[in-house]
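Topology and contacts: notes
Okay, here's what each chain looks like letter by letter:
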Amino acid sequence: MMLSIGNILDSAALTELRAALDALTFVDGRATAGWSAAEVKRNRQAAPSAALRALQEQIVKAIRDNAVFQIAARPKIFTPPLFARYGTGETYGAHVDDAIMGGTRTDIAYTLFLQEPQDYDGGELVIESTSGEQAVKLPAGAVFLYPATTLHRVAPVTRGERLVAVGWIRSLIRSAGQRELLFDLDTARRALFAREGKSAEFDLISKSLSNLLRMWAED
Ligand code: NI
């Protein structure tokens, strides 16, 4: 399942974050790519520092606190996010993300957009699937979740600068299909509750959801 969630960061938080990122050192992004992905990766990423760690924690907290994200991702472990800049001509060609990062299995990838779409041209996240390609470019403060199993790329930037945070999540639920089923069931359950309160039908759907989680979760 792919999902966009808006307003992870508000405009005040974005302004503050961009200023904090301006104070960090950015280095060649190839350092964090696998050997084959490094051949097609042309961007810059924030170098490790104490200031970077604080910003990474802030991003993870903002994403983790979102209620829709919680039921879509069912996160267990977050890898520390990377902050990446793509200037004119920079790009990241087709690649698949590493299955294991720092000992953590990567089930879900996300891109948190930090620059408004009108401030740069190109720079779409393009995800390949058997039904074609999906190009994604969201407002600043919005996050896009997609299965880490996909081939994907970042289109070349032709004007301005693309600024994003990207990260990976180990989910309690390994299978994207099972995560989607749980998400749909939970969403329907909440809508039912909003409409008619704690009915007998709500209780039965809650029981099914809870027991599917018990069946599938790797805690
Ligand atoms: Ni990637």
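Just so you know, these numbers come straight off a predicted model, no measurement behind them. (Residues numbered from 1 in each chain as written. Predicted model: local features only at pLDDT ≥ 70, side-chain atom pairs only at ≥ 80, totals over all residues. Heavy atoms only, no water.)

Bringing the domain arrangement of the chain into the picture now. Examined at the domain level, the chain breaks down into domain 1 (3-171) and domain 2 (176-216). Placing a centre on the C-alpha atoms of domain 1 and another on those of domain 2 gives a separation of 30 Å. With ten residues of domain 1 at the interface, the matching set in domain 2 holds nine residues. For the pair domain 1 and domain 2, the summed buried surface comes to about 690 Å²; carbon and sulfur atoms form 65% of the total. Three residues stand out in domain 1 for area buried against domain 2, namely Ile71, Ala72 and Arg74, and they jointly supply 68% of the buried area on that side. Taken together, domain 1 and domain 2 are joined by one salt bridge. Residues Asp186 and Arg74 are paired through a salt bridge, measuring 3.0 Å at the closest nitrogen-oxygen approach. The interface formed by domain 1 and domain 2 contains one residue pair in polar contact (both at pLDDT 80 or more). Considering each element in turn, the side of domain 1 that touches domain 2 owes the most residues, four residues, to helix H3 (residues 67-73). (Domains from an automatic or database assignment. Contact = heavy atoms within 4.5 Å. Buried area = accessible area lost by both parts, 1.4 Å probe. Salt bridge = Lys/Arg side-chain N within 4 Å of Asp/Glu carboxyl O. Polar contact = N/O pair within 3.5 Å; in protein donor to acceptor, adjacent residues only side chain to side chain. Helix = DSSP H or I, 4+ residues; strand = E, 2+ residues; numbered from the N terminus.)

Moving on, we come to the coordination of the nickel ion. Protein coordination at the nickel ion comes from His95 (NE2), Asp97 (OD) and His152 (NE2), with a distance range of 2.1 Å. Mapped onto the sequence, the residues coordinating the nickel ion show the spacing H-x1-D-x54-H. One end of the pair, Asp97, is in the loop between strand E7 (91-95) and strand E8 (100-101); the other, His152, is in strand E15 (residues 152-154), with 55 residues separating them in the sequence. For Asp97, a relative accessible area of 12% translates into the label buried. (Donors = N, O, S within 2.8 Å, 3.2 Å for Na, K, Ca; no water. Buried < 20%, exposed > 50% of the residue type's maximum accessible area, 1.4 Å probe, protein only.)

In this section: the packing of aromatic side chains. A full pass over the atoms with the stated rule returns three aromatic pairs. Plain terms: the ring middles of Phe69 and Phe78 are 5.8 Å apart, the flat faces sit at 40° to each other, and that makes the pair tilted. Arg85 extends its terminal NZ or CZ atom over the ring of Phe26, reaching a point 4.3 Å from the ring centre. Arg162 extends its terminal NZ or CZ atom over the ring of Tyr86, reaching a point 5.0 Å from the ring centre. (Phe/Tyr/Trp six-rings, centres within 6.5 Å; stacked < 30°, edge-to-face > 60°. Lys NZ or Arg CZ within 6 Å of the ring centre and 35° of its normal.)

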